[in-house]
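# Overview (structure and organization)
Residue-level listing of the chains:
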Amino acid sequence: MTAIDDRMTGIFENLEVPEGFKAELIRGEIVMMAGRDMVHNLIIRAIQHQTPYDRWNALTTQDVAFVGAVSEPQPDLVVFERGAVEESGRLLSASAVTLAVEVVSKTSVFRDYRTKRELYAEGAIPVCLIVDPIKGLCVLLTEPTRAAASGLPDYVVERTTKFGEPVPLDLLGITLDTTEFQPYS
C-alpha cells in the first residue's frame, strides 16, 4: 500500500458517520449511503433466518478487509463459519467469508453488480449473492477467478433466478427460499 492508501484508510477509520448512514471504503473511495428501504431489510432478515446458526455466523454491518486493496466494504450480509476466526475486532478478513450478499438499491446498481462483484472475486470469496428488488432477481455467483476473460476478477459461474424460485447455496448446505422476497414499490 502507498502513503496515499494509508492516509485514505486512516481518514476512513476516523470518519464520523451521521446516524442513519453507512460508509464503506471501496477501492480508495469513501462511499456514504442513507438508510435502507424496509424491503431491503426484510430480504436480509429472511436470508439470516435461513442460515443454519449452529454452523454459520450471518452478520450485517460487518466491515471486510481485503489484502493489498484499499477497500473495506460492508456487504449487506456476510456469512462465515462459526469458530473460523477470532470473533472480535472491526474487520473480518475476506478469506474467512463464505458468502457475501448485496441487496441492490437504486443508488447502488453499478457498485453491486460490477465494483463489489469484482472486489469479492478478487478477494476469493467463494459465493456472492446479488439480490435485486428492482428487477425481482437473484444472481448467484460462484467460483471466483482473479482474471476472467475481461482481464478483471470475476466469477466463473453465474445463475440468475426470479424471486420465488429457490437458490441453492451448496457451500452453506441450504436452498434459499425466496418466496418472501418482494420488489421495491
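Here is what the cut-offs are and how they apply
Residues numbered from 1 in each chain as written. Predicted model: local features only at pLDDT ≥ 70, side-chain atom pairs only at ≥ 80, totals over all residues. Heavy atoms only, no water. Pairing = 2+ DSSP bridges. Helix = DSSP H or I, 4+ residues; strand = E, 2+ residues; numbered from the N terminus. Axes fitted to C-alpha atoms, helices over the stretch in contact; angles between N-to-C directions. Contact = heavy atoms within 4.5 Å. Buried < 20%, exposed > 50% of the residue type's maximum accessible area, 1.4 Å probe, protein only.

### Considerations on the sheet that holds strand E7 (residues 97–103)
Think of a sheet as strands paired side by side through backbone hydrogen bonds, with each pair either parallel or antiparallel. Spatial strand order, E3-E5-E7-E8-E9-E10: six strands in an open sheet with mixed pairing. The strands lining the two open edges of the sheet, one partner per strand, are strand E3 (56–59) and strand E10 (154–162). Taken pair by pair, the neighbouring strands of this sheet meet at an average axis angle of 15 degrees, ignoring direction. In this sheet, strand E9 (residues 137–145) lies alongside strand E8 (residues 127–132) in antiparallel orientation, the contact comprising six bridges. Following the sheet pairing, Asp132 is matched in E9 by Leu137. Contacting E3, strand E5 (77–81), E7 and E8, helix H2 (residues 38–50) crosses the sheet at an angle of about 155 degrees to E7. Sheet strands touched by helix H3 (residues 109–122): E7, E8, E9 and E10. Its angle to E10, the strand with the most contacts, is close to 135 degrees.

### Describing the environment of Pro183
Within the secondary structure, Pro183 sits in the segment after strand E12 (174–176). Pro183 sits in the partly exposed class, given a relative accessible area of 40%. Separated by 52 residues in sequence, Pro183 and Val131 have C-alpha atoms that sit 9.9 Å apart. Apart from the residues within four sequence positions on either side, Pro183 is in contact with Val39, Pro133 and Phe163.

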